[in-house]
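What the coordinates show
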Amino acid sequence: MSDVTRRALRLLSLLQSRSVWTGPELAAELGVTTRTVRRDVDRLRELGYPVLTSNGHGGGYQLGAGRELPPLLLSEKEAVAVAVGLRLTAAAGIEGLDQEALRALAALERILPGALRAEVGAVSEAMGVVGRALPQVSSDVLLELATSVRDRVRVRLDYRRGDGERSQRRLEPYRVLAVDGHWYLYAWDLDREDWRTFRLDRMAEVHASTFGFTPRETGDVEQAVREAIAVSPYPKEVTVRVHLPVEQVSAMVPARAGTLTADGPDACLLRAGGNDLRGIALHLTWMDGRIEVIDPPELLEQFTWIARRAGEVAGDVDGADKGRRPDEPGSG
């Protein structure tokens, strides 16, 4: 490799590492004159790299976005991070992007040095991405919605509810969120005049319009989505106070299991939903910390039933132990 080529690649690496460089800064890094820097910049432009120049205070050289994607220089750590990210994308359950990610990964691994290829394999194996039977989300739907959120334009889509009913929806999209492997859209429903949460795998024929909208006031969007998927769909809803810090409880409550709100430094409020109160109570008994029932009062009756039943089982075990001879299995 000639010195000119080596210097051009070094210059490209520098331009990718920072937003703006002055001519003297690049000259000092490369050990050349500013005139040589200008010639090397011209060479990069001939190769398709859009190197922009700005004058005045704060000006300098900047790598811009071109019409086509030029070759990209990556450091060793960056190459490993990209390769591992592509493996995760391939297992993310996004229809269309999984195959694209695998093709991009194959192209990257073909040019990785042997040591880096081995490192990518070791990191990926250590991470152990386990695929789950998740509903497939169309990459076209995901990208169309994400773009509409960014551009603040209304969308129209065909939506299938959980009970199978289909309907046309006109929405103002606000956020696209991934929660426990599922993708959701938080949007203002123009026909129902209320906030709604939609699953992307139940969408079809998403069309962005040319009609913009003025953003409405929103509260905590992530909290609203969690409540929409963990509380609202169920016939039974409960609220309890857990006497532990919210940070500690959040590790025990998945996003799809309930919502948490801090209630002072040493307690939090947990809202959850389920098909029956006894099932909810049984799940809550697995949690650490003292639990105080707030609503509904009937939930306390279920805890009483569980405690009585546990006492009966414990009594049976004690009776069995007392009836054993010392030499029988299970005796102390």
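Further up the page is the structure itself.
The rules we used
- Residues numbered from 1 in each chain as written.
- Predicted model: local features only at pLDDT ≥ 70, side-chain atom pairs only at ≥ 80, totals over all residues.
- Heavy atoms only, no water.
- Pairing = 2+ DSSP bridges.
- Helix = DSSP H or I, 4+ residues; strand = E, 2+ residues; numbered from the N terminus.
- Axes fitted to C-alpha atoms, helices over the stretch in contact; angles between N-to-C directions.
- Parallel < 35°, antiparallel > 145°, perpendicular 65-115°, else oblique.
- Left-handed = near helix turned anticlockwise from the far one by under 90°.
- Contact = heavy atoms within 4.5 Å.
- Nonpolar A, V, L, I, M, F, W, Y, C, P; charged D, E, K, R; others polar.
- Core = buried A, V, L, I, M, F, W, Y, C linked by side-chain atoms within 4.5 Å.
- Buried < 20%, exposed > 50% of the residue type's maximum accessible area, 1.4 Å probe, protein only.
- Salt bridge = Lys/Arg side-chain N within 4 Å of Asp/Glu carboxyl O.

Observations regarding the sheet that holds strand β10 (residues 236-242)
One open sheet holds the four strands; their spatial order is β11-β12-β10-β13, and the pairing between them is antiparallel. In the strand order of this sheet, the two ends are held by β11 (259-262) and β13 (291-295), each with one partner. Strand-to-strand, the axes of this sheet are offset by a mean angle of 25°, without reference to chain direction. Here β10 pairs with strand β12 (residues 268-274) via seven bridges, running antiparallel. If you follow T239 over to β12, its bridge partner there is R271.

Considerations on the packing of helix α1 (residues 3-17) against helix α2 (residues 23-30)
Contact geometry of α1 with α2 gives a least axis separation of 11 Å together with a crossing angle of 130°. Relative to α2, the element α1 is oriented oblique. The way α1 lies across α2 gives a crossing that is right-handed. Judged by residue contacts, R7, R10, L11, L14 and L15 of α1 engage L26, E29 and L30 from α2. Grouping the constituent residues of the contact of α1 with α2 by class yields five nonpolar, no polar and three charged.

Focus: the pairing of strand β5 (residues 153-160)
Pairing of β5 with strand β9 (residues 203-212) involves five bridges; the strand directions are antiparallel. By the bridge assignment, Y159 is partnered in β9 with M203. Hairpin connection of β5 to strand β6 (residues 166-179): five residues between the antiparallel strands, including G164 at a positive phi of 95°.

So, the sheet that holds β9
Pairing within the open sheet is antiparallel, and its five strands lie in the order β8-β7-β6-β5-β9. Single-partner strands in this sheet number two, and they are β8 (194-199) and β9. Averaged over neighbouring strand pairs, the angle between their axes works out to 45° when direction is ignored. Bridging between β5 and β6 involves six bridges; their strand directions are antiparallel. Within β6, the residue paired with D158 across the bridge is Q168. Packing against the sheet, helix α8 (residues 221-230) makes contact with β6, β7 (182-189) and β8, and its axis sits at approximately 120° to β6.

Details of the nonpolar core
Ranked by size, the top nonpolar core spans 19 residues in total, and within it V242, V249, L260, L270, L284, M287 and L299 carry the most contacts. Elements that contribute at least two residues to this core include exactly β10, α9 (246-250), β12, α10 (277-284) and α11 (298-322). A total of four residues in this core trace back to one element, the largest contributor, which is α10. Those residues in contact with V242 that sit more than four places away from it in its chain are V249, D266, A267, C268, L270, M287, D288 and R290.

Focus on the pattern of salt bridges
Summed over the entire model, instances satisfying the criterion amount to 21 salt bridges. R192 is the salt-bridge partner of D189, the closest N and O atoms lying 3.3 Å from each other. Looking at D189, the relative accessible area reads 0%, which means it is buried. R309 serves as the salt-bridge partner of E312, at 3.2 Å between the closest nitrogen and oxygen. In this pair, E312 and R309 are both assigned in helix α11, three residues apart and thus about one turn of the helix distant. R309 gets classed as partly exposed once you look at its relative accessible area, which sits at 41%. Linked through salt bridges whose partners overlap, the residues forming this network are R7, D40 and R43.

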